[in-house]
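Listed below are the residues making up each chain.
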Amino acid sequence: MVATERLNTQEKVEELEKVRHEPLHQVDIPFEKATFGMGCFWGCDSLFGATRGVLRTRVGYAGGTTESPVYKKMGDHTEVIEIDYDPKKISYSDLLELFWNNHEYGLTTRIKRQYMSLILYHSEEQRKIAEDSRAEEQIKRAPEQIITEIAAAGAFYPAENYHQKYRLQGHSDLAKGIGLTSDLLHSSHVAARLNGYLIGVGGLEQFDEEVSLLGLSKEQAQYVRDYVIDNEGGGIFC
């Protein structure tokens with residue numbers, strides 16, 4: 001099966017030879033925000049980055065009162081991911097389904113506030129959806145007790161650059177090849193997508209459907225596709 005997939009890799013990337021190589025960093029699409037704390041933020045950055053309908057991601061610190069937190073002095077903040085998503089392609093409820101089912105820890109076991117399970121809503125509609133969703137999830141998980149907190153979104157403090165798109169940054173040649181800068185770590189569409197695809201999020205079928213839109217070169221596309229094949233189904237981790 002893998003051998004066949006790798007043969008198909010060559011066929012797919014050859015289709016890209018006629019596509020202009022211009023990495024798709026900026027997308028001008030109306031969006032809404034979602035903010036979640038799910039434990040370590042590296043894993044959820046990959047998870048949501050390659051989810052259909054997600055436009056951009058950034059990780060940071062929120063939910064507390066400490067001013068200007070940094071990783072070593074976070075105070076009472078939590079590691080969170082801030083997601084810009086297209087509500088015409090994915091709903092807030094869909095995002096919450098991923099939220100409930102992809103905690104590395106902290107959903108039912110209380111740990112330090114840095115890694116707590118947290119939903120920060122950006123509207124009253126999101127608050128109601130989140131509270132209803134939590135109630136439904138509690139029924140499913142009984143007798144375990146969900147300890148997720150739901151609160152209004154306040155200030156968001158972006159994490160240091162080395163935390164942004166952490167998996168993609170581990171592929172330095174690819175990151176350099178798409179022109180990834182410090183600013184683009186926080187705002188690039190293609191960087192968010194690749195940060196997930198490189199660990200198998202989204203899967204091969206989705207990658208093949210989307211790759212021609214990402215502005216990758218033939219070589220970059222083949223490189224990423226090989227990683228999708230190798231890592232699909234491997235789970236989310238930090």
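Here the structure is a predicted model, which means the values were calculated and not measured. (Residues numbered from 1 in each chain as written. Predicted model: local features only at pLDDT ≥ 70, side-chain atom pairs only at ≥ 80, totals over all residues. Heavy atoms only, no water.)

### Here's the deal with the pairing of strand S3 (residues 78-85)
The element S3 is extensively covered by neighbouring structure, given that 8 of its 8 residues are classed as buried. With 5 bridges connecting them, strand S1 (residues 32-38) and S3 associate as antiparallel partners. Directly across from Thr35, in S3, lies its bridge partner Glu82. Two strands pair when backbone bridges link them, and strand S2 (residues 54-62) and S3 are joined in this way by 8 bridges, in the antiparallel orientation. (Buried < 20%, exposed > 50% of the residue type's maximum accessible area, 1.4 Å probe, protein only. Helix = DSSP H or I, 4+ residues; strand = E, 2+ residues; numbered from the N terminus. Pairing = 2+ DSSP bridges.)

### Regarding the sheet that holds strand S6 (residues 156-158)
With mixed pairing, 6 strands are arranged side by side in an open sheet as S5-S4-S1-S3-S2-S6. What marks the edges here is a single partner per strand, and that holds for strand S5 (149-152) and S6. When strand polarity is set aside, the average angle formed by the axes of neighbouring strands in this sheet is 35 degrees. In this sheet, strand S4 (residues 117-121) lies alongside S1 in antiparallel orientation, the contact comprising 4 bridges. Note on S4: the bridge partner recorded for Thr35 is Leu120. Together, S1, S2, S3 and S4 form the strand contacts of helix H3 (residues 92-101), whose direction differs from that of S1 by roughly 15 degrees. Running over the sheet, helix H4 (residues 124-141) touches S1, S3, S4 and S5 and is turned about 150 degrees from S4. (Axes fitted to C-alpha atoms, helices over the stretch in contact; angles between N-to-C directions. Contact = heavy atoms within 4.5 Å.)

### Brief notes about helix H2 (residues 41-49)
Residues that lie three or four places apart on an α-helix share one face, since the helix turns once every 3.6 residues. With 9 of 9 residues buried, H2 is to be regarded as a mostly interior element. Residues of H2 that are buried: Phe41, Trp42, Gly43, Cys44, Asp45, Ser46, Leu47, Phe48 and Gly49. Elements in contact with the buried residues of H2: S1, S2, S3, H3, helix H5 (166-169) and helix H8 (189-197).

### So, the nonpolar core
Among the nonpolar cores identified, the biggest contains 30 residues, and Phe36, Phe48, Ile83, Tyr92, Leu95, Leu96 and Ile119 are the most heavily contacted of them. Once residues within four sequence positions are removed from consideration, Phe36 is found in contact with Phe48, Glu79, Val80, Ile81, Ile83, Tyr92, Leu95, Leu96, Phe99, Leu118 and Ile119. (Core = buried A, V, L, I, M, F, W, Y, C linked by side-chain atoms within 4.5 Å.)

### Some points on the packing of aromatic side chains
Under the counting rule described, the total for this entry stands at 9 aromatic pairs. Put simply, the rings of Phe36, Phe48, Tyr92, Phe99 and Trp100 pair up and form one aromatic cluster. (Phe/Tyr/Trp six-rings, centres within 6.5 Å; stacked < 30°, edge-to-face > 60°.)

### Description of the pattern of salt bridges
Summed over all chains, the structure comprises 14 salt bridges. The salt bridge involving Glu82 is made with Arg58; its shortest N-O contact spans 2.8 Å. Taken as a pair, Glu82 in strand S3 and Arg58 in strand S2 lie far apart in primary sequence, 24 residues in all. Residues Arg127 and Glu124 are paired through a salt bridge, measuring 2.7 Å at the closest nitrogen-oxygen approach. Residue Arg127 and its partner Glu124 are both found in helix H4; the two are separated by 3 residues, about one turn of the helix. What you see here is one network of salt bridges that share partners, running through Lys33, Arg56, Arg58, Glu82 and Asp84. (Salt bridge = Lys/Arg side-chain N within 4 Å of Asp/Glu carboxyl O.)

### Re the state of the cysteines
If you walk through the whole model with that rule in mind, you get 1 disulfide. At a sulfur-sulfur separation of 2.3 Å, the disulfide partner of Cys40 is Cys238. Disulfide Cys40 to Cys238: torsion about the S-S bond roughly -105 degrees, handedness left-handed. Placement of Cys40 in the loop between S1 and H2 and of Cys238 in the segment after helix H10 (218-231) is noted, with a sequence separation of 198 residues between them. (Disulfide = S-S within 2.5 Å.)

### Some points on the environment of His186
One can find His186 in helix H7 (residues 184-187). Taking C-alpha positions, His186 is 8.1 Å from Asn161, a pair spaced 25 residues apart along the chain. When residues no more than four places from it in sequence are discounted, the contact partners of His186 are Thr57, Arg58, Pro158, Ala159, Asn161 and Gln164.

### Focus: the packing of H2 against H8
Two elements in contact, H2 and H8, have axes whose closest approach is 7 Å; the angle formed by their N-to-C orientations is 110 degrees. Relative to H8, H2 is oriented roughly perpendicular. Each of Asp45, Ser46 and Gly49 in H2 lies in contact with H8, whose residues at this interface are Ala192, Arg193, Asn195 and Gly196. Tallied by class, residues from the contact of H2 with H8 come to 1 nonpolar, 4 polar and 2 charged. (Parallel < 35°, antiparallel > 145°, perpendicular 65-115°, else oblique. Nonpolar A, V, L, I, M, F, W, Y, C, P; charged D, E, K, R; others polar.)

### Topic: the layout of surface pockets
Looking at the largest pocket, its volume works out to about 340 Å³. Residue assignment for the lining of the largest pocket shows that the elements contributing at least two residues are S2, H8 and helix H9 (203-210). A per-class count over the lining of the largest pocket returns 8 nonpolar, 3 polar and 6 charged. If you add up the space inside the second largest pocket, you get close to 180 Å³. Contributing to the lining of the second largest pocket are Ser93, Leu96, Glu97, Trp100, Asn101, Ile129, Asp132, Ser133, Glu136, Glu137 and Lys140. Secondary-structure elements contributing two or more residues to the lining of the second largest pocket are H3 and H4. For the lining of the second largest pocket, the element with the most residues is H4, which contributes 6 residues. (1 Å grid on protein atoms, 1.4 Å probe; cavity = no way out; pocket = protein on both sides within 12 Å on 5 of 7 lines; lining within 4 Å. Points joined across faces, edges and corners; volume = space filled by probe spheres on them.)

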